[in-house]
Amino acid sequence: GAAILTFTEKHWPEVQEALIGTLFVLAASGGALLLADNPHGGEHLKDLLVGQILWVSPAQLWPVALLTALLLVAWGRWRDQLGSFGFYGLFAFAVTASVQLVGIYLVFASLVIPALATRHYSPRRRLPAAYLLGGASYALGLVFSAWSDLPPGAVIVWTIALLGTLVYWAGPDSGNPLLSEPTDRA
């Protein structure tokens, strides 16, 4: 996957995001095909997609936390030497470990929506705003999931999307006509 994404980034950078999305869809549907003949395939597929965030134990978190720390050190120390291939490889390890804990939808929503919602914030405010959005979404999503008895992974994804929309529209330079300064003062 890292080799494919490195190749596509060099040859078609203008459509890299679409190609990443396409590879994601192919991988997810490939998982469905692999589980098609498994008598418990439906449950396994649901766990892969939506995850079981409430049932993750501390014993499962420690190896992923250690892996994440190692990946961050590797990226921080050897970023220039690793290049795109190294980034995609490290990213693949991080995503694979995270998906095992909370599912594909939650991992990708957590990666994409906060970045998208805060993209027009100043560089100094972007990262804190994205982390705050993510943390608030998880907390509110878990509360609403418990209250509504709906699957927590899916509820958190929707909460990230809804709060992300609010963060975008309430933020600076959002293009929201309700928040924009009038340009013509008569």
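Reading the values: the criteria
- Residues numbered from 1 in each chain as written.
- Predicted model: local features only at pLDDT ≥ 70, side-chain atom pairs only at ≥ 80, totals over all residues.
- Heavy atoms only, no water.
- pLDDT = per-residue confidence, 0-100.
- Helix = DSSP H or I, 4+ residues; strand = E, 2+ residues; numbered from the N terminus.
- Contact = heavy atoms within 4.5 Å.
- Phe/Tyr/Trp six-rings, centres within 6.5 Å; stacked < 30°, edge-to-face > 60°.
- Buried < 20%, exposed > 50% of the residue type's maximum accessible area, 1.4 Å probe, protein only.

Our next topic: the confidence of the model for the protein chain. Summing up the model confidence of the protein chain, the mean pLDDT is 86 and the portion of residues at 70 or higher is 92%. Per-residue pLDDT, averaged within each element of the protein chain, yields its smallest value for helix α3 (residues 41–50) (76) and its largest for helix α6 (residues 123–148) (95). Within the model, pLDDT remains below 50 along residues 178–186, and this stretch shows 3 contacts once partners closer than five positions in the same chain are excluded.

What follows covers the packing of aromatic side chains. Under the defined criterion, the tally for this structure stands at 6 aromatic pairs. Relative to Tyr 88, the ring of Phe 87 has its centre 5.3 Å away and its plane inclined at 65°; by these criteria the two rings are edge-to-face. Owing to a relative accessible area of 35%, Phe 87 belongs among the partly exposed residues under this scheme. A relative accessible area of 8% places Tyr 88 in the buried class.

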